[in-house]
Amino acid sequence: MKFKLTLLFIGLVFSSCSRITPSGFWMNYKSDQITYKENDQGPWGGTLIINWVADKNSEFKISEIEKIASENDWKLIDSVEYYTADLKKMTDFGKPIINLPLKNFTPERQRADLKSNSLPRDINTDFSLYRFKTGWVIFEPGTNSSTLENGFVLLSSDKTKMSVYHIWGE
């Protein structure tokens, strides 16, 4: 009996990992096409970054992405287009980065230690950035200013590359 309970507990832990980790459900989305993942979660905050490249003759569809996000309590807020010419300026020591637009934090108020700054960017062509409300909160360090709009999907214009970012905590 004790052995069966132990097996049941271990099974529950492994099968629910995507629910324990904020935004862990993205790890199960087309996992065979993931080219990079970073999942740094701690007691006071975390960052999730995942990059995908579509299989040959296939593409990522925003309707499918939005459906999966919605099923996991991510609500699409808005989107913005980025163009290759603009991306040349978005580097840190020569490496491509993305500064994610958190609604409550204006660029003048963002500090270098805010996790939304200087995240690595894999897509170097025109792309759309979709911003989501996730249900997880991010705070501006040293203040009470916070937002739930901290989940992002970057989708290349040819729909063959995709990245997901989720930042939360302080």
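Here, the structure is the one placed above.
Because the structure is predicted, anything quoted here is derived from the model rather than measured.

A. Expanded view of the overall build of the chain. In terms of regular secondary structure, the chain is built from 4 helices and 11 strands. Across the chain, every contact between residues at least 6 apart in sequence was considered, and the portion connecting residues at least 24 apart equals 62%. For the chain, the exposed area adds up to about 9,900 Å²; of that, 56% sits on carbon and sulfur atoms.

B. Main features of helix α3 (residues 62-71). Of all the positions in α3, only Ile 65, Ile 68 and Ala 69 are classed as buried. All buried residues of α3 lie within an arc of 100 degrees about the axis, which places them on one face of the element. Across α3 from its buried face, at more than 90 degrees, point the exposed residues Ser 63, Lys 67 and Glu 71. Looking at the packing, one finds that the buried side of α3 touches β7 (127-133), β10 (151-156) and β11 (161-169). Phi turns positive one or two residues past the end of α3, at Asp 73, with a value near 65 degrees.

C. How the structure looks around the packing of aromatic side chains. For the coordinates displayed, the defined rule picks out 10 aromatic pairs. Taking 4.9 Å as the distance between ring centres and 40 degrees as the angle between the ring planes, the aromatic pair formed by Phe 25 and Trp 26 counts as tilted. Comparing Phe 25 with Trp 26, the two get one shared label, buried. Ring centres of Trp 26 and Trp 52 lie 6.3 Å apart, and the angle between their planes is 70 degrees; on these two criteria the pair is classed as edge-to-face. Here Trp 52 lies in strand β2 (residues 45-53) and Trp 26 lies in the loop between α2 (17-20) and β1 (34-42), a separation of 26 residues in the sequence. Here the aromatic cluster, defined as three or more aromatic residues joined through ring pairs, consists of Phe 25, Trp 26, Tyr 29, Trp 52, Phe 60, Trp 74 and Phe 132.

D. Representation of the nonpolar core. One finds Trp 26, Tyr 29, Trp 52, Phe 60, Ile 65, Val 153 and Met 162 to be the most contacted residues of the largest nonpolar core, which totals 20 residues. Not counting chain neighbours up to four residues away, the residues in contact with Tyr 29 comprise Ile 34, Trp 52, Phe 60, Glu 64, Ile 65, Ile 68 and Met 162.

E. The arrangement of the sheet that holds strand β6 (residues 119-120) in detail. What the 3 strands build is an open sheet, ordered β4-β5-β6; its pairing is antiparallel. Of all strands in the sheet, those bounded by a partner on one side alone are β4 (91-92) and β6. Alignment of strand β5 (residues 95-98) against β6, held across 2 bridges, turns out to be antiparallel. Bridge pairing links Ile 97 to Pro 120 in β6.

F. Inspection of the pattern of salt bridges at higher detail. Scanning the model with the defined rule gives 4 salt bridges in all. For Asp 78, the salt bridge identified is with Arg 131, shortest N-O distance 2.4 Å. Here Asp 78, found in strand β3 (residues 75-82), pairs with Arg 131, found in strand β7; they are 53 residues apart in sequence, far enough to count as distant. Asp 78 sits in the partly exposed class, given a relative accessible area of 33%. In this structure, Glu 149 engages Arg 131 in a salt bridge whose closest nitrogen and oxygen atoms are separated by 3.3 Å. Taken together, the residues span a long stretch of sequence, with Glu 149 in the loop between β9 (146-147) and β10 and Arg 131 in strand β7 at a distance of 18 residues. The two residues Glu 149 and Arg 131 agree in class, both being buried. Where salt bridges share partners, they join Asp 78, Arg 131 and Glu 149 into one cluster.

Quick notes on the rules
Numbering of residues starts from 1 in each chain and follows the order in which that chain's sequence is written. Where local features are concerned, this predicted model is filtered to residues with pLDDT of at least 70; where side-chain atom pairs are given and counted, the filter is 80 or more; whole-chain, interface and lining totals use all residues. Calculated side-chain values reflect all of the structure's heavy atoms, with hydrogen atoms and water omitted. For the purposes of this entry, the term helix denotes a DSSP run of H or I that reaches at least four residues, the term strand denotes a run of E that reaches at least two, and both are numbered from the N terminus. Residue contacts are defined here by distance: any two heavy atoms, one from each residue, within 4.5 Å place the two residues in contact. All accessibility values rest on the Shrake-Rupley procedure with a 1.4 Å probe; residue burial counts only the protein chains present in the view. Each residue's exposure class comes from its accessible area (1.4 Å probe, protein chains only) as a fraction of the maximum for that residue type: buried when under 20%, exposed when over 50%, partly exposed otherwise. Note that the arc is defined by the directions from the helix axis to the C-beta atoms. Stacked, tilted and edge-to-face are the three classes applied to pairs of Phe, Tyr and Trp rings, where Trp contributes its six-membered ring and a pair requires centres within 6.5 Å; stacked means planes under 30 degrees apart, edge-to-face means over 60, and tilted covers the rest. In this description, a nonpolar core means a group of buried Ala, Val, Leu, Ile, Met, Phe, Trp, Tyr and Cys residues linked to one another through side-chain atoms lying within 4.5 Å. The criterion for strand pairing is that DSSP finds at least two bridges linking the strands in question. By definition, a salt bridge exists where a carboxyl oxygen of Asp or Glu is found within 4 Å of a side-chain nitrogen of Lys or Arg.

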